[in-house]
Amino acid sequence: REAVAQAIATANGVELTKELGNLPANVCTPTYLANTAKKMAREFKLTAEILDRKQLQALKMGSFLSVTAGSVEPPKFIVLKHNGGKAKDAPIVLVGKGITFDSGGISIKPGAAMDEMKYDMGGAAAVLGTMRAIAEMRLPLNVIVVIPSCENMPSGSATKPGDIVTSMSGQTIEVLNTDAEGRLVLCDALTYVERFKPAVVIDAATLTGACITALGHHNSGLFTRNDEVHDALANELLAAGKIAGDTAWRMPIEDSYQEQLKSNFADMGNIGGPAAGSVTAACFLERYTRKYTWAHLDIAGTAWRSGAAKGSTGRPVPLLTTFLLGRAKAAKAR
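Quick look at the structure, then.

**With respect to the packing of aromatic side chains**
Move 1: For the structure shown, the criterion picks out five aromatic pairs.
Move 2: Both rings, one in Phe 77 and one in Tyr 192, keep their centres 4.8 Å apart while their planes meet at 70°; by these two values the pair is edge-to-face. Placement of Phe 77 in strand S2 (residues 76-83) and of Tyr 192 in helix H6 (residues 182-192) is noted, with a sequence separation of 115 residues between them.
Move 3: What makes Phe 77 buried here is its relative accessible area of 0%.
Move 4: Members of the aromatic cluster, each reached through a chain of ring pairs, are Phe 64, Phe 77, Tyr 192 and Phe 196.
Move 5: The ring of Tyr 192 is capped by Arg 195, whose NZ or CZ atom sits 4.0 Å from the centre of that ring.

**Some thoughts on the packing of helix H1 (residues 2-22) against helix H11 (residues 317-333)**
Move 1: Running from amino to carboxyl end, H1 crosses H11 at an angle of 140°, the nearest separation of the two axes being 9 Å. Classified by the interaxial angle, the pair formed by H1 and H11 is oblique. The way H1 lies across H11 gives a crossing that is right-handed. Residues Gln 6, Thr 10, Gly 13, Val 14 and Thr 17 of H1 lie in contact with H11, whose contacting residues are Val 317, Pro 318, Thr 321 and Leu 325.
Move 2: Split into classes, the residues belonging to the contact of H1 with H11 amount to four nonpolar, five polar and no charged.

**Quick notes on the pattern of salt bridges**
Where side chains of opposite charge bring their charged atoms close, a pairing between them can arise.
Move 1: Taken as a whole and assessed by the stated rule, the structure comprises 16 salt bridges.
Move 2: A salt bridge links Glu 286 to Arg 225; the nearest nitrogen and oxygen atoms lie 3.0 Å apart. Of this pair, Glu 286 sits in helix H10 (residues 277-286) while Arg 225 is found in the loop between strand S9 (220-224) and helix H8 (228-244), placing the two residues 61 residues apart along the sequence.
Move 3: Judged by relative accessible area, which is 6%, Glu 286 ranks as buried.

Conventions used here
- Each chain has its residues counted from 1, running along the sequence as written.
- Two thresholds apply to this predicted model, a pLDDT of at least 70 for residue-level local features and 80 or more for giving and counting side-chain atom pairs, whereas whole-chain, interface and lining totals are computed over all residues.
- The basis for the side-chain values is all heavy atoms of the structure; hydrogens and waters are excluded.
- Stacked, tilted and edge-to-face pairs are distinguished by plane angle, under 30 degrees for stacked and over 60 for edge-to-face with tilted covering the rest, among Phe, Tyr and Trp rings (Trp via its six-membered ring) whose centres lie within 6.5 Å.
- Helix and strand labels come from DSSP, where a helix needs a run of H or I of at least four residues and a strand needs a run of E of at least two; each type is numbered from the N terminus.
- The buried label goes to any residue with under 20% of its type's maximum accessible area, the exposed label to any with over 50%, and the partly exposed label to all in between, with areas taken from a 1.4 Å probe on protein chains only.
- We call a charge positioned over a ring when the NZ of a Lys or the CZ of an Arg lies within 6 Å of the ring centre and within 35 degrees of the ring normal.
- Only the contacting stretch of a helix is used when fitting its axis, a line to C-alpha atoms as for every element, and angles between N-to-C directions run 0 to 180 degrees.
- Roughly parallel means an angle under 35 degrees; roughly antiparallel means over 145; roughly perpendicular covers 65 to 115; every other angle is labelled oblique.
- Working rule for handedness: look at the near helix, and if it is turned counterclockwise from the far one by less than a right angle, call the crossing left-handed; if clockwise, right-handed.
- In this description, contact between two residues means that some pair of their heavy atoms is separated by no more than 4.5 Å.
- Three classes are used, and their members are as follows: Ala, Val, Leu, Ile, Met, Phe, Trp, Tyr, Cys and Pro are nonpolar, Asp, Glu, Lys and Arg are charged, and the others, Gly among them, are polar.
- What counts as a salt bridge is simple: a side-chain nitrogen of Lys or Arg found within 4 Å of a carboxyl oxygen of Asp or Glu.

Right, dumping it as structure tokens:
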């Protein structure tokens, strides 16, 4: 009975993720995602908090706000909490990239298949779907979902290549390409989550076309640091992916790649050139996660399908849900 209930809850989570992904960008806006989180909070007795532009400005999220500068759609920073564990237990935090449409901004994308950039909120959809699944299961864990959500659009007020922005962490970023915007919204979210003193943080993002070049559409890219704690986390996530049939493949993060992010004018550039693009993107994020245990899932190749069967896949909801089930089982055993 328990297995059937868990399977149904996971399927419901995948269904929500697919539904959000497949909606057109004129419907599924940052406000729509925020309202979905609020509705879920009411249905499953979760806690939802939505931060608007003024609050983001007060938090000095200059990097996130630089991405939304060219859009008329208001940005939303979504925080959704499931308090299923003990009050003193450190939460597991899931961060999802929520770019509801990515034109590339001033570094505009080619027109072919640009409609598929409505799927650039695949990470946000996945963490909402995972939260839907574990809330239905009443999983005895503390889990927090964080979603920085906005559009990336070109206009007279849009951020330009060469502009320098200051992230919430105080680190400065030279925006060399406005189409490398996912890392600009995620870095502020990854700084924000420090306040939760998390047990672990996992971000899911349709981050780089380079990950599709590396791994195709079969495996999500898994990135984390190389030490005992992070190796154990990577193995846990890889095993969960195998169990769920939602597989990932571990990719490197090494200091040697960080060299590619050097900037003459800021602490870092937001791109590292064409070589190892998915790795340098992960290295960029890694700079904002040094106060906790962290892993990054690049789902650019797995969150949706193109062609005749175009549509959201619902990944990596099965992987994340299985990972959380494993964590809950381990907590119970203790």
